[in-house]
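In case you want the letters, here they are:
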Amino acid sequence: MELPCLCLLLLSCLQSLSAHNDFFTSIGQMTDLLYTEKDLVTSLKDYIKAEENKLEQIKRWADKLDSLTVTATQDPEGFLGHPVNAFKLMKRLNTEWGDLESLVLRDTTDGFISNLTIQRQYFPTDEDQTGAAKALLRLQDTYKLDANTISTGALPGVKHKSHMTVEDCYELGKIAYSDVDYYHTELWMAQALKQLNEGEESTLDKVTVLDYLSYAIYQQGDLERALMYTRKLLELDPEHQRANGNVKYFEFQLEKQKKTEEEEAEKQNEREKRDTSEPKKKKKPKNVSGHQIPERKKYEMLCRGEGIKLTPRRQSRLFCRYYDNNHHPVLLLAPVKQQDEWDRPYIVRYLDIISDSEIERIKQLAKPRLRRATVHDPQTGKLTTAQYRVSKSAWLTGYDDQMIETINQRIEDITGLEMDTAEELQVANYGVGGQYEPHFDFGRKDEPDAFKELGTGNRIATWLFYMSDVSAGGATVFPDVGAAVWPQKGTAVFWYNLFASGEGDYSTRHAACPVLVGNKWVSNKWIHERGQEWRRPCAINETE
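Residues numbered from 1 in each chain as written. Predicted model: local features only at pLDDT ≥ 70, side-chain atom pairs only at ≥ 80, totals over all residues. Heavy atoms only, no water.

With an unreviewed UniProt entry as reference, the chain is termed Prolyl 4-hydroxylase subunit alpha-1, source organism Betta splendens. Under the UniProt heading Cofactor (unreviewed entry), the entry covering the chain gives this text: "L-ascorbate". (UniProt positions renumbered as here; feature names shortened; annotations may be inferred.)

A. Geometry of the nonpolar core. Core analysis: the largest hydrophobic core is formed by 46 residues, its most contacted members being Tyr 143, Trp 188, Val 209, Leu 213, Val 477, Cys 513 and Leu 516. Per-domain counts for this core show at least three residues from each of domain 2 (126-252) and domain 3 (307-528). Among all residues touching Trp 188, those that are not within four sequence positions of it are Leu 137, Gln 140, Ala 147, Ile 150, Ser 151, Met 164, Cys 169, Leu 172 and Gly 173. Counting residues in each nonpolar core, the second largest holds 35 residues, with Ile 414, Leu 417, Leu 425 and Phe 442 among its members. (Core = buried A, V, L, I, M, F, W, Y, C linked by side-chain atoms within 4.5 Å. Buried < 20%, exposed > 50% of the residue type's maximum accessible area, 1.4 Å probe, protein only. Domains from an automatic or database assignment. Contact = heavy atoms within 4.5 Å.)

B. Representation of the domain arrangement of the chain. The domains assigned to the chain are domain 1 (23-121), domain 2 (126-252) and domain 3 (307-528). Taking the mean C-alpha position of each, domain 2 and domain 3 sit 40 Å from one another. Each side of the interface is counted separately: domain 2 has eleven residues, and domain 3 has 13 residues. Taken over both partners, the interface formed by domain 2 and domain 3 buries close to 930 Å², and the fraction arising from carbon and sulfur atoms is 69%. Its largest share of buried area at the contact with domain 3, domain 2 owes to Arg 138, Leu 139 and Tyr 143, together 52% of the area lost on that side. If you look at where domain 2 meets domain 3, you find zero salt bridges. (Buried area = accessible area lost by both parts, 1.4 Å probe. Salt bridge = Lys/Arg side-chain N within 4 Å of Asp/Glu carboxyl O.)

C. Structural detail: the side chain of Asn 497. By the element assignment, Asn 497 lies in the loop between strand E14 (491-496) and strand E15 (510-512). We classify Asn 497 as buried; its relative accessible area is 0%. Side chain to side chain, Asn 497 and Thr 462 meet in a polar contact 2.9 Å long. Contacts of Asn 497, omitting those with residues within four sequence positions, involve Asp 441, Phe 442, Arg 459, Ile 460, Ala 461, Thr 462, Glu 503, Gly 504, Asp 505 and Thr 508. (Helix = DSSP H or I, 4+ residues; strand = E, 2+ residues; numbered from the N terminus. Polar contact = N/O pair within 3.5 Å; in protein donor to acceptor, adjacent residues only side chain to side chain.)

D. Just the environment of Ile 150, in detail. Along the chain, Ile 150 turns up in helix H7 (residues 147-151). Judged by its relative accessible area of 7%, Ile 150 is buried. Sequence-wise, Ile 150 and Leu 137 are 13 residues apart; in three dimensions their C-alpha atoms are separated by 9.8 Å. Discounting residues that sit within four places of it in the chain, Ile 150 has contacts with Leu 136, Gln 140, Leu 145, Leu 155, Ser 162, Met 164 and Trp 188.

E. View of the sheet that holds strand E2 (residues 336-342). Pairing in this open sheet of nine strands is antiparallel, and the strands run E1-E2-E3-E14-E10-E17-E8-E7-E4 from one edge to the other. Each of the sheet's edge strands pairs with one partner strand only, and the pair in question is strand E1 (320-323) and strand E4 (371-372). Sheet topology places strand E8 (residues 425-430) next to strand E17 (residues 521-528); four bridges connect them, and they run antiparallel. Paired with Gln 426 across the strands is Asn 524, a residue of E17. Packed onto the sheet, helix H2 (residues 27-74) meets strand E7 (391-396), E8 and E17 and runs at close to 55° relative to E8. (Pairing = 2+ DSSP bridges. Axes fitted to C-alpha atoms, helices over the stretch in contact; angles between N-to-C directions.)

And the structure:
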């Protein structure tokens, strides 16, 4: 009677999986897939055991008859002269061989195939595989990791080291290739080739890998290296039609390039001769402007812990303290631990502000509701999914659990801001390489309808709980000011998005760095302007 219970459990798990897609955007929900795979392995082992039992029966029958027929064929007439032997021969051929045929034809795959068929409809899709692959490429770029480091699984803070096969590297290169990303195609096809050269066994051959590798290098403009790898390919397969055509084309293009360079060099020499014969004109000084680092580069540097702009002098002005929010009655006897993280914009961290049991309850409530995270579309003011935000989120209210109301009240007691007009508690779980690229939490002047539907004004402040430690990566960074705040379980950070005047503080532009190793859970409260009129009075100066 255990089978119906197992079926109910399986159906319950599948119903949970059926409500979700985009598995790669949430590590929390990907854990369900591990249990699905474990169930399939158990089912596969049952099938193997049934097949082995069947083969064992067939083997015993074959061994018995082998011995019998060897003896019988030495003296057929004498053997059959025994009436029992004659009877048993008739019986075997008339009945027992038919039974053996039934045994051989007996299908033991039903249980496994039906289980696999049921679960396959809830498997990750091509989009999930591509999303996970692109996440690896994103991590490679952000944290400046070479392909070999990723392939060998030698990442910082890893508990479960995993090695990538030649096929894995090749698949990653193919996904990059289909995305017209020849830079990463080259890196991963070169890694696949390296592992093949080191003697790793694979169903892939070097010819296939070299074909992709040479073309990716050619697309990046390096004709000499493209020609070199194409010639290596032809050493292995002299009849390769495309490679033979490419060699001729590359040689022609290189000859053409060489002539062009020679002509350019000749023209340059003539210009230099003219310049020496003519009186030199005074050159106007060039307008040298300050070197600006692109935001993307600043963001990635901060994610790696580089380019943080906190000088020792500014650091010396940051303190930690017990905070009671001007003798708030709730905090008077139990003040909270407050720590300055940054000065401009002013970012504070509260330590031991949410308990492990509260974190687990929030995750328990949120996990079944997790959906692909959305962002506000500045044009429509509506929520939409975006490729630059790789996570899943859920929204929780006091109606879901009284504990959520307790947490909301705690935020109000500490910040002194009204929570009735704040958005619901948003819980987010980041997926493979999960990130949220640089963005503002508040609506800018060119987005007048950003929060019109809510009717509570702009987002005045952000409160962010860290509900897990992250082994590597996952920092919250502020590229414009060079600030980085690292996840620490049980803490929360708080900052104002608007000045007291109501103007947006553009230095609060921030991002969630890709999670390199680990599982990142956060929850945040976006606090709005309405209801804060007496709690945070308006200032006259625009940037106060």
